[in-house]
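So the chains spell out like this:
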Amino acid sequence: MLTLYNTLTKKKQEFKPLHGNEVGLYTCGPTVYDYAHIGNLRTYLFEDILKRTLFANGYAIKHVMNITDVGHLTSDADEGEDKMEKGSKREGKSAWDIAKFYTGAFRQNLRDLNITEPDIWCRATDHIPEQIDWIKKLEEKGFTYRTSDGIYFDTSKFPNYGALSGQKLTDLKEGARVEKNREKHNPTDFALWKFSPKGEKRQMEWDSPWGKGFPGWHIECSTMSVKYLGETFDIHCGGIDHIPTHHTNEIAQAEAVTGKPLAQFWVHGEFLVLKEKRMGKSEGNLITIQTLKDKGYDPLAYRLLCLGTHYRQKLTFSWEALDSAQRTLDNLYALTAGLGKPGTILATYEKKFIAAVNDDLNTPKGLAVVWDLLKSSEPAESKKATLLKFDEVLGLKLAGAQPIVIPDTIKKISQERQAKRDVKDWQSADALRGQIETAGFSVDDTPAGSVIKKLRK
Ligand code: AMP
Ligand code: ZN
């Protein structure tokens, strides 16, 4: 039985698809105006674990991800610049070229982290007529009003507004800071369509019944998710920052049009944070996959680091933690390669592993099963087959783990070192470790025994 924490009901619930065996999954995609940082990628990693767990339970999946290439303003309150136009100014390229370049960079990030791609990618700019249609429907149903800078959704007309975050409209009104946009009827109202500023030609703008302009950010997700997955689909995901505004607004728009719940499950991943402060472009501490590669890390070490913390827990990033994840990954590769050819899967371990990930994607518990298996006295070929099975969910590319050829001389020194350790002669043991390292190898003492590896360059 697969259980998932549903933000909408605020409890763990058994997951069953709405229609037969196929799961409709929508995950909010990147705004392609810059490189994704490792925080963003933590969210895409958790969504990948969700997908792989659904596969492990025998479900088929239709996964849709949007590419936000217009309309996402620098402030969530529909103020500020369009992020794409901002990227364009920064780099002296057209907004369209910026979108193309960073979409490619994002897909490379997914490959580096062994994240499975969605079945359908959809760009906001490829769905302008559909978004205009939706806004027309909202207008016909009386949910919109016009201000000097756009068409807005009136959140007070949607009785259940804020249910996802558990906030009531009245609380939101009282808690809101002084509104910049005095024409808005309620602080939570949001733009469906923004007009191009008078006398200014935007790179991305379209004609509409209300005037030249561009869609607000939230409308693309309601429109495209329903277009590809139907009016009510199984699971909608994103990072927790999407709960109070983006997803709350997606729900309001979609349910105002269809009168049906947009998704059965809303699943959100917690943030990756830095020890000192938040990670952000303005803070100048943006870590990307390229940063990790430049420092000599395997991006999959970052994947393993994320698997070590439950997706609903904050994960504090540090280089020490990544070092440790890299060592663990190296050990895992060395141990897996040493197991030879795969034999039969061990059903007891498989059951334990599936039970762990089926419990709201508890990957730390799943990793504990990996180490239990490696420490066990089961035959090597069965361990290998079982590990490869686990890796269908973990996605650490264990099948490609290369057997390392360790020269006999090094193995002998390692045995001597073990003998010295057994009699607690640490000084001699350390000297022997020094010899191993000078020869270009390393030795790690793991719960499963000493592991010798080629040193990383
Ligand atoms: P954006 O491109 O800003 O829309 O963000 C892409 C995804 O990354 C969204 O699902 C966000 O919720 C998520 N996200 C943003 N910052 C973080 C972070 N520090 N940790 C985890 N997820 C994040
Ligand atoms: Zn979205």
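Residues numbered from 1 in each chain as written. Chains lettered and ligands numbered in written order. Predicted model: local features only at pLDDT ≥ 70, side-chain atom pairs only at ≥ 80, totals over all residues. Heavy atoms only, no water.

Draft legend 1. Highlighting the domain arrangement of the protein. In terms of domains, the protein is made up of domain 1 (3–269), domain 2 (280–400) and domain 3 (408–454). Centre-to-centre, using C-alpha coordinates, domain 2 lies 25 Å away from domain 3. The partner domain 3 presents six residues to the six residues of domain 2 that form the contact. Taking both partners together, domain 2 and domain 3 bury about 570 Å²; carbon and sulfur atoms supply 74% of that area. When residues of domain 2 are sorted by the area they lose upon contact with domain 3, Asn 331, Leu 335 and Lys 375 head the list and together hold 59% of the total. Summed over the shared surface of domain 2 and domain 3, the number is zero salt bridges. (Domains from an automatic or database assignment. Contact = heavy atoms within 4.5 Å. Buried area = accessible area lost by both parts, 1.4 Å probe. Salt bridge = Lys/Arg side-chain N within 4 Å of Asp/Glu carboxyl O.)

Draft legend 2. Expanded view of the coordination of the zinc ion (ligand 2). Looking at the metal site, the zinc ion (ligand 2) is ligated by Cys 28 (SG), Cys 221 (SG), His 246 (NE2) and Glu 250 (OE), spaced 2.1 to 2.7 Å from it. With four donor atoms in place around the zinc ion (ligand 2) and angles of 76 to 131° between them, the coordination shape is irregular. Each donor residue of the zinc ion (ligand 2) lies on the same chain, and together they follow the pattern C-x192-C-x24-H-x3-E. With a gap of 222 residues between them, Cys 28 in the loop between β3 (22–27) and α1 (38–56) and Glu 250 in helix α7 (residues 243–258) connect regions that are remote in the sequence. (Donors = N, O, S within 2.8 Å, 3.2 Å for Na, K, Ca; no water. Tetrahedral: all angles 85-135°; square planar, octahedral: opposite > 155°, others 65-115°. Helix = DSSP H or I, 4+ residues; strand = E, 2+ residues; numbered from the N terminus.)

Draft legend 3. A look at the environment of Tyr 44. Mapped onto the elements of the fold, Tyr 44 is located in helix α1. A C-alpha to C-alpha distance of 22 Å links Tyr 44 and Gly 284, two positions 240 residues apart in sequence. The contacts of Tyr 44, once residues within four sequence positions are left out, are Cys 28, Gly 29, Pro 30, Met 65, Phe 106, Leu 110 and Ile 115.

Draft legend 4. Spotlight on the packing of aromatic side chains. Under the defined criterion, the tally for this structure stands at 17 aromatic pairs. Aromatic pair Phe 143 and Phe 153: ring centres 5.6 Å apart, planes at 10°, arrangement stacked. Note that Phe 143 is positioned in the loop between α4 (128–140) and β6 (144–146) and Phe 153 in strand β7 (residues 150–153), a separation of ten residues in sequence. With a centroid separation of 6.1 Å and 20° between ring planes, the pair formed by Tyr 145 and Tyr 152 is classed as stacked. For the pair Tyr 145 and Tyr 152, a shared accessibility class is recorded, and that class is buried. Joined through ring pairs, the aromatic side chains of Phe 15, Tyr 59 and Phe 265 make up one cluster. Directly above the aromatic system of Phe 101 lies the positively charged group of Lys 93, at a separation of 4.6 Å from the ring centroid. Of note, Arg 312 hangs over the ring of Tyr 5, and the distance from its end group to the ring centre comes to 4.1 Å. (Phe/Tyr/Trp six-rings, centres within 6.5 Å; stacked < 30°, edge-to-face > 60°. Buried < 20%, exposed > 50% of the residue type's maximum accessible area, 1.4 Å probe, protein only. Lys NZ or Arg CZ within 6 Å of the ring centre and 35° of its normal.)

Draft legend 5. Seen up close, the sheet that holds strand β9 (residues 213–215). Pairing is antiparallel across the open sheet formed by four strands, whose spatial order is β6-β7-β8-β9. At either end of the open sheet lies a strand with only one pairing partner, and these are β6 and β9. If you compare each strand with its neighbour and ignore which way they point, the axes differ by 20° on average. The pairing of β6 with β7 spans three bridges and is classified as antiparallel. Pairing of Arg 146 across the sheet is with Ile 151, part of β7. (Pairing = 2+ DSSP bridges. Axes fitted to C-alpha atoms, helices over the stretch in contact; angles between N-to-C directions.)

Draft legend 6. Focus on the side chain of Glu 205. Within the fold, Glu 205 resides in the loop between β8 (190–195) and β9. Within polar-contact distance, the side chain of Glu 205 engages the side chain of Ser 196 at 2.6 Å. In this structure the side chain of Glu 205 is engaged in a polar contact, spanning 3.1 Å, whose partner is the side chain of Lys 201. If we skip the residues at most four places from it in the chain, Glu 205 touches Ser 196, Glu 200, Lys 212 and Gly 213. (Polar contact = N/O pair within 3.5 Å; in protein donor to acceptor, adjacent residues only side chain to side chain.)

Draft legend 7. Molecular detail of the packing of α1 against helix α13 (residues 380–394). Where α1 contacts α13, the two axes come as close as 7 Å, and the packing angle between them is 130°. Judged by the inter-axis angle, α1 sits oblique to α13. Residues Ile 49, Arg 52, Thr 53 and Ala 56 of α1 pack against Asp 391, Glu 392, Val 393 and Leu 394 of α13. Broken down by class, the residue content of the contact of α1 with α13 amounts to four nonpolar, one polar and three charged. (Parallel < 35°, antiparallel > 145°, perpendicular 65-115°, else oblique. Nonpolar A, V, L, I, M, F, W, Y, C, P; charged D, E, K, R; others polar.)

Draft legend 8. Structural detail: the environment of Glu 205. Overall, Glu 205 belongs to the buried group, its relative accessible area being 15%. Remark: the alpha-carbon pair of Glu 205 and Trp 134, spanning 71 residues in sequence, is separated by 17 Å. Engagement of the side chain of Glu 205 in a polar contact is seen with the backbone nitrogen of Arg 202, the distance being 3.3 Å.

Draft legend 9. Spatial organisation of the site of ligand 1. Not every one of the 14 residues close to ligand 1 is listed here, only the nearest: Gly 39, Thr 43, Gly 239, Asp 241 and Leu 272. One of the backbone N or O atoms of Gly 239 is found 3.1 Å from an oxygen atom in ligand 1. Asp 241 places a polar side-chain atom, nitrogen or oxygen, 2.4 Å from an oxygen atom of ligand 1. For ligand 1, the accessible surface in isolation is 490 Å², of which the surrounding protein chains cover 90%. When residues of the shell around ligand 1 are traced back to their parent elements, those giving at least two are α1 and β10 (233–239). Top element by residues in the shell around ligand 1 is α1. It accounts for four residues. Taken together, the residues that form the shell around ligand 1 break down as four nonpolar, eight polar and two charged. (Near = heavy atom within 4 Å. Areas by Shrake-Rupley, 256 points an atom, 1.4 Å probe, with all protein chains shown as cover.)

Draft legend 10. Expanded view of the sheet that holds strand β11 (residues 263–269). Pairing is parallel in the open sheet, where five strands are placed in the order β5-β4-β3-β10-β11. The open sheet terminates on both sides in strands that have one partner only, identified here as β5 (120–123) and β11. The average angle at which neighbouring strand axes cross in this sheet is 20°, direction not considered. Here β3 runs beside strand β4 (residues 60–67); their pairing, made up of six bridges, is parallel. Looking across to β4, one finds that Leu 25 is bridged to His 63. Across the sheet, α1 lies against β3, β4, β10 and β11, angled at about 155° from β10, the strand it touches most. Sheet contacts for helix α6 (residues 217–229): β3, β4, β5 and β10; angle to β4, the most-contacted strand, approximately 150°.

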